[in-house]
Structure formats: structure tokens, C-alpha cells
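# Commentary on secondary and tertiary structure
Letter by letter, the chains look like this.
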Amino acid sequence: MLLRHVNALGQCGFLLLLLCGGDLLATESETPSVEAPSVEAPTTDATTADTSAAGATPVAETPEVVQPAIDELYTLRYQFRPGQVLRYVSNDETEFDVQQSEAATSVNYSTKSWKRYVVEKVNDDGSVVLQLYLDHVLMRAEGDGKTLEYDSRLPGAPPAEFAHLPIGGEVATITVDARGAILAYEAKVETAGDSAGTLERDLQVLAILPEAPVAIGGTWREIIEAPLKVEGNLTRKVKLQRMYTLTSVEDGVASIDLRTIRLTRIDDPSHEAQLIQKTPGGMLRIDLDRGLVLTKRTNLNNQVVGFNGAGSSLKVKRQVVEELTTTNEPLVGKSSSDR
């Protein structure tokens, strides 16, 4: 019952939990915009600044870089070569606490997935065409006194809750530039409901890198538009701002902190509940010589009160760790160490 209720809120899509590089729950499929929106200044109102999860469509615009007074500058770029295969293992731990009047229930999700990016083509302008494959997943969901488990290696059809997952084949083809911005996207699987939009927005393990060289302590930003269902099939756009800071460079590895705030004012708790996972914080580690993401960690701990009437509340705690790995086999115990 609770599993269905959480799904109805748009808060428990397993594609989201599976493919998020730390982000998500959308309500409508949307293609990345090619026009940079006007930027609204962040507000300090506690009802409008939110710092918890992700998963919205990146808007194509050049990040604004703020430089400290430090001499050494670093040019941050991704590097790919035709035929290159990049494998990532992702661990996603999510907990939903739902309060309805005097009834309270928790739903816990644990998802471990093995993804593969194959470089199909490197274009003359530096952009790259990536094919994404979902090789294997382990899933567990607990709530309402019930437990659901799924291991894609085992024979037999998956439970209905997991039947929509595109496991074992190509999921999508994505074109990105050298800074990590999505330029084009083509789904290779049929998905139900808003899964196609969720998938599109949550594929991106790559963070947006700055256009200009940046020094340690320098920051840059990315403006994102997230769709919000307001009534029936009507939606509105909610602006988010993701901030990045280059915190250190050691042994050729750059560490980047990230945080996300909501710029658009929202007064309806039911609308806030739709966005509860859209403002993550976290960090990335990037190998500067190879131009690859080694590790991406995102987390949130967010709560909305009154999302379904008086006495209701929804709390989400989530942590996602995605790491570059040299194997496509399931790893035992904890994730592999950074490389």
C-alpha cells in the first residue's frame, strides 16, 4: 500500500533510484532546452532555498566562473577516445518516512547497479556520442512489513515493481560536449509513464565543468529547469541552481564540491514533495590526465510537512555513490576504492 502511495507521489521510480548520478524524480518527459533561461537571483527565504536532491534537465548555458586570487589555473575537460568502455558501479540507499495523520511508515530501497558507457564516436568539435548499457542490478525494497528483492542474474521474470527496467541491453545514446553538457539524447527502450523523462535527466554521471580555467577555490554554476505538475496534465518550470567549487588538486585528481538550491518560490507543500529529491549536495573526483570521473557522491536529508493535508509529512534520506571500476562483475561488500 505504501509502496503504491509513494509511487503516486512521484517519489519512488526505480529507474531514478537505479540510474541517478545522484539525483531525481520528475513528472514529465522533457528534452534539454537549447535556450539559456533568464536567471533568477537566489532568495534567502527558507521556503525557497532547498538543499537536498537532483534530476532535472540541464539548460545549455555557459557556467559563470568566480575566481579567487590564486595563480595556478586548471582547465577541466572530459576526454574520450573511440571504442573506449567506461564501467561504473553505483550504490543507492534511499529511505522514505511517510506520516499520514497518526499512521507512520518507512520504505527503504537499496539498489546496486553496473553501468557501461561505450564511446561510439568523437566528433570534430570535441563532442562525443556515448552508448549507455545497464548490465546488472541488485535491488531490495522494504516497507509495510513486506520485502521485495530482485537479482537480474537469476532466471525468471522480475517482480512487477521492477519489470520496466531495461536490464541487459542498450538503454540510450547520448551526445555530450567536453564539459559534460547533454547535447542530444535518444532512448533505446520503451518506458512507461514518466520513466523516459526521468531516464533522460538522470543518465548524466558527468558534472558540468567550467568553460574557462579555474583556480582552487573557484566556483561555477549551472541553471536547471525541473518540470512540476500543478494540476492535471498542466506543468510549470522550476528553476534550480547547481553550484560547483574546485576544492583541491592532488596527484592529478581534482576534487569538486557541489550543492543545489531552488530559485523558484513554491508555497504548496504538495508541490514541494514533488521536488524533495531535486537538490543534492555532494562531491566528485576527476582524473585530470585521463579526463574521467573517478567518484561521484551525492546525498540529501529533506522533509516536507503538510504535503497531503494536516498531520502529513514526507522525509527522504538518500545517498548515492558511483565509482569507476575495471570489472563488470558484481563486487562483494563495499564499492571499489577510487582509482
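For the structure given in this document, a descriptive report is provided here. (Residues numbered from 1 in each chain as written. Predicted model: local features only at pLDDT ≥ 70, side-chain atom pairs only at ≥ 80, totals over all residues. Heavy atoms only, no water.)

## Looking at the pairing of strand β7 (residues 182-187)
- Here 5 bridges tie strand β6 (residues 170-176) to β7, and the two strands are oriented antiparallel to one another. Paired with V176 across the bridge in β7 is I182.
- In this structure, the hairpin formed by β6 and β7 is closed by a connection of 5 residues, where G180 is found at a positive phi of approximately 95°. (Pairing = 2+ DSSP bridges. Helix = DSSP H or I, 4+ residues; strand = E, 2+ residues; numbered from the N terminus.)

## What about the pattern of salt bridges?
- Scanning the entire structure with this criterion turns up 13 salt bridges.
- Here R179 ties to D177 by a salt bridge, and the two come within 4.0 Å at their closest N and O atoms. By the burial criterion, R179 is buried, and D177 matches it.
- Among the ionic contacts, a cluster of salt bridges with common partners joins R87, R116 and D135. (Salt bridge = Lys/Arg side-chain N within 4 Å of Asp/Glu carboxyl O. Buried < 20%, exposed > 50% of the residue type's maximum accessible area, 1.4 Å probe, protein only.)

## Here's the deal with the side chain of S313
- As for its placement among the helices and strands, S313 is situated in strand β13 (residues 313-325).
- Overall, the relative accessible area of 14% leaves S313 in the buried class.
- If near-sequence neighbours (up to four positions away) are discounted, S313 is found in contact with D97, V98, Q99, Q303, V304, V305, G306 and F307. (Contact = heavy atoms within 4.5 Å.)

## A short note on the side chain of Q84
- Tracing the sequence through the fold places Q84 in the loop between β1 (57-58) and β2 (85-100).
- When residues no more than four places from it in sequence are discounted, the contact partners of Q84 are Q79, Y117, V118, V119 and L292.

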